[in-house]
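# What the coordinates show
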Amino acid sequence: MKRQNIREENVMHLSHEPRRDVEVHQSESEKTAALSLRRISKSYPGIQALELVDLDIWPGECHALLGQNGAGKSTLVKVMSGVEIPTEGEIVLQGNPRRFSSPGEAQANGIYTIHQELSLAPGLSVAENIYLSDLPTTGAGIIIDWGRLRRKAREDLLNLGFDIPAETPVGTLSMAEQQAVEIAKAVHRKAKVILLDEPTATLPQPEVEKLFELVERLRGEGVAIVFISHRLDEVYRLCDRITVMRDGRKVVTKTSAELPAEEAVRAMVGEKLIGGFVGQLTTGGRRRINPRGADSDKETPILEVKNLSDSHLLTDIGLSVMPGEAVAVTGLVGSGQSELAACLFGSRPHLTGEFLIGGRPVRIRAPRDAIKAGLGWIPEDRKSQGLVLDMSVQANISMPSLRRIQRLGFRKGSKERQLAHRMIDSLGIRVRDANQHVGTLSGGNQQKVVFAKWIAAGAQLLIVSEPTRGVDVAAKETIYEAIGTYLAQGGSVLLLTSEIEEALMSDRIYVMQRGRLSDSFAHDRIDSDRLLSMLR
């Protein structure tokens, strides 16, 4: 009850009428905000990552940044933390304009970022990590005062609510305790603003509670917190105000009381949920499947999954894909789509689960099992997981089909060339010739090569993860065409995506929330309000 009272008092303090008035007048807010961004833009060759973003972060505030992948959150955090220099715009720190050319400069001005991958030395003690750049010494200044070091570190951690022995090696601590050490480093160095980037992504619930208590302590001491997360329940529990980003722009900033969760989701994914995209992958000359119709009862699913769970996120997953069908699994980023794809293809271990291919039970414990069962995987990170960039288009396409193009253990060049040329022509891959290195192709054509290798291998079902992440609009169209071509040739697709528009292309949709699936529903029965409420 005490924590709740503190929370309510802080929310009232941050959202009362005078604070909103200050926020309206930029000149006044620049004098009082812990950190202000003024018309921040950032562009890369061919990409506008941020465009005219204004933002105020107040002392003692926990401010959430929400948005889908590609919304601009990461770039904005990099600008605030000195990793990236904005193309235009101004950073104002407690009323004073600043320009950071490195993370060190941002830290010297009191801005610290706590990433998912912590910057700790696991072999050193807790005390050494906190004071690594400022070790206390004896009067002569040449010998480390170990007793004083441990006492100071212990006091710092106790002030943050953590009773951790200062001499403990950091590598033996839990993730929440390691985060506390990282935050203690920032507090020791007089942090005014702390950016928490997906801090709960790898934490079990008891450690999430510890982290939240730590955030409350920091807020009580006047430290401004920027909280980047995809977990809406945590955002609404912890944060005073919420900023939603989409396509490099700030869409809205409101208090958590003024911005209902459904409105936040709508701002993240966009207002136009239903339109020309609907049904795009349910046509194209292939047989139309009606999963709820009479015909579906007579068919055996090409893939059926029952009771799939892992040790971290996925819980009791059950789904099916019919022959020739495009099925989507959609949800906000971090809901579990990536973990599900990896489990289905055998690259991530699972605790429980039953897999049936064409009605026959199969064991999938490794990618080779999935390939043998007729599955192919288009991973979201095509460059590190889907392709070998310094190899030719021809070699990448033939990689899963080596047994078919070998004789007596030797690769037959003529068969390999024929296979590559057939796939290049079929999918319209734009290359100089089949020997061109994949790393020199555009993003859309690289993705087509990934499709080509699985089609060439005879995959009956493609597991497609975030297929258009990091590609431009033109490349998206070519990727959709590749999926449509595969479906038209009789293949089946399981599409795992955080892009709602992509999910709306499919025959059926499952919605994923925190590692669980809802029942599926057909694309022509979609109600946008229902879909948004399911995504919360």
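In this report, the structure presented in the accompanying data block is examined. The model shown is predicted, which means the values in this text are computed figures rather than measured ones.

## Comments concerning the overall build of the protein chain
Helices and strands together make up the secondary structure of the protein chain, namely 21 helices and 23 strands. Evaluated residue by residue, the protein chain yields a buried proportion of 52% over its 536 residues. Contacts in the protein chain between residues at least 24 apart in sequence constitute 67% of all its contacts with a sequence separation of at least 6. Surface exposure of the protein chain reaches about 24,000 Å², of which carbon and sulfur atoms provide 48%.

## A few points about unusual backbone geometry
What you tend to see is this: most non-glycine residues have negative phi, and most peptide bonds are trans. Here leucine 52, not a glycine, exhibits a phi torsion of approximately 55°, which is positive. One can find leucine 52 in strand E2 (residues 47–57). With a relative accessible area of 32%, leucine 52 lands in the partly exposed category. Of note in this structure, asparagine 307 is not a glycine but carries a positive phi near 55°. Of the residues examined, asparagine 307 reaches a relative accessible area of 47% and is grouped as partly exposed.

## Things to note about the state of the cysteines
Enumeration over the complete set of coordinates arrives at 0 disulfides. Between cysteine 239, a cysteine without a disulfide, and cysteine 62, which holds the nearest cysteine sulfur, the sulfur-to-sulfur distance is 3.5 Å. Given a relative accessible area of 0%, cysteine 239 falls into the buried group.

## Comments concerning the packing of aromatic side chains
One pass over the full model with this rule turns up 3 aromatic pairs. Judged by centre distance (6.4 Å) and plane angle (75°), the rings of phenylalanine 212 and phenylalanine 227 are edge-to-face. Here phenylalanine 227 lies in strand E8 (residues 224–228) and phenylalanine 212 lies in helix H9 (residues 205–220), a separation of 15 residues in the sequence. As far as burial versus exposure is concerned, phenylalanine 212 and phenylalanine 227 are alike and both buried. Relative to tryptophan 454, the ring of phenylalanine 345 lies with its centre 5.7 Å away and its plane at 75°, an arrangement referred to as edge-to-face. Taken together, the residues phenylalanine 345 in the loop between helix H13 (337–344) and strand E14 (352–357) and tryptophan 454 in helix H18 (residues 443–456) connect sequence positions 109 residues apart. By relative accessible area, phenylalanine 345 is classed as buried at 6%. Here tryptophan 454 falls in the buried class, since its relative accessible area comes to 6%. Cluster of aromatic residues (ring-pair linked, three or more members): Phe345, Trp377 and Trp454.

## A short note on the nonpolar core
Formed by 117 residues in total, the largest nonpolar core has its most connected members in Ile194, Leu340 and Leu494. In terms of residues, this core owes the most to one element, H18, which gives 7 residues. Once you skip the residues sitting within four places of it in the chain, isoleucine 194 turns out to touch Tyr112, Ile114, Ile183, Ala186, Leu218, Val223, Ala224, Ile225 and Val226. Core analysis: the second largest hydrophobic core is formed by 25 residues, Val77, Ile91, Ala106 and Ala224 among them.

## Describing helix H8 (residues 175–188)
Here H8 spans 20 Å end to end across 14 residues, near enough to the 20 Å set by a 1.5 Å rise per residue. Among the 14 residues of H8, 11 are classified as buried, and the element is accordingly described as predominantly covered.

## Examining the pairing of strand E13 (residues 326–330)
In terms of burial, E13 is a largely internal element, 5 of the 5 residues being buried. Here E13 shows a buried face lined by Ala326, Ala328 and Thr330 and a second buried face lined by Val327 and Val329. Relative to strand E20 (residues 492–497), E13 runs parallel, the two being bridged by 5 bridges. If you follow threonine 330 over to E20, its bridge partner there is threonine 497. In this structure, E13 lies alongside strand E21 (residues 508–513), joined through 4 bridges in parallel fashion. Note on E21: the bridge partner recorded for valine 327 is arginine 508.

## Some remarks on the sheet that holds strand E4 (residues 88–93)
Taken together, 4 strands build an open sheet; the order of strands is E2-E1-E4-E5 and the sheet is antiparallel. The open sheet terminates on both sides in strands that have one partner only, identified here as E2 and strand E5 (96–98). Averaged over neighbouring strand pairs, the angle between their axes works out to 30° when direction is ignored. As paired strands, strand E1 (residues 35–44) and E2 are joined by 7 bridges and run antiparallel to one another. Of the residues in E2, the one forming a bridge with lysine 42 is leucine 50.

The rules behind each value
Residues numbered from 1 in each chain as written. Predicted model: local features only at pLDDT ≥ 70, side-chain atom pairs only at ≥ 80, totals over all residues. Heavy atoms only, no water. Helix = DSSP H or I, 4+ residues; strand = E, 2+ residues; numbered from the N terminus. Buried < 20%, exposed > 50% of the residue type's maximum accessible area, 1.4 Å probe, protein only. Contact = heavy atoms within 4.5 Å. Areas by Shrake-Rupley, 256 points an atom, 1.4 Å probe, with all protein chains shown as cover. Disulfide = S-S within 2.5 Å. Phe/Tyr/Trp six-rings, centres within 6.5 Å; stacked < 30°, edge-to-face > 60°. Core = buried A, V, L, I, M, F, W, Y, C linked by side-chain atoms within 4.5 Å. Expected span 1.5 Å × (residues − 1). Pairing = 2+ DSSP bridges. Axes fitted to C-alpha atoms, helices over the stretch in contact; angles between N-to-C directions.

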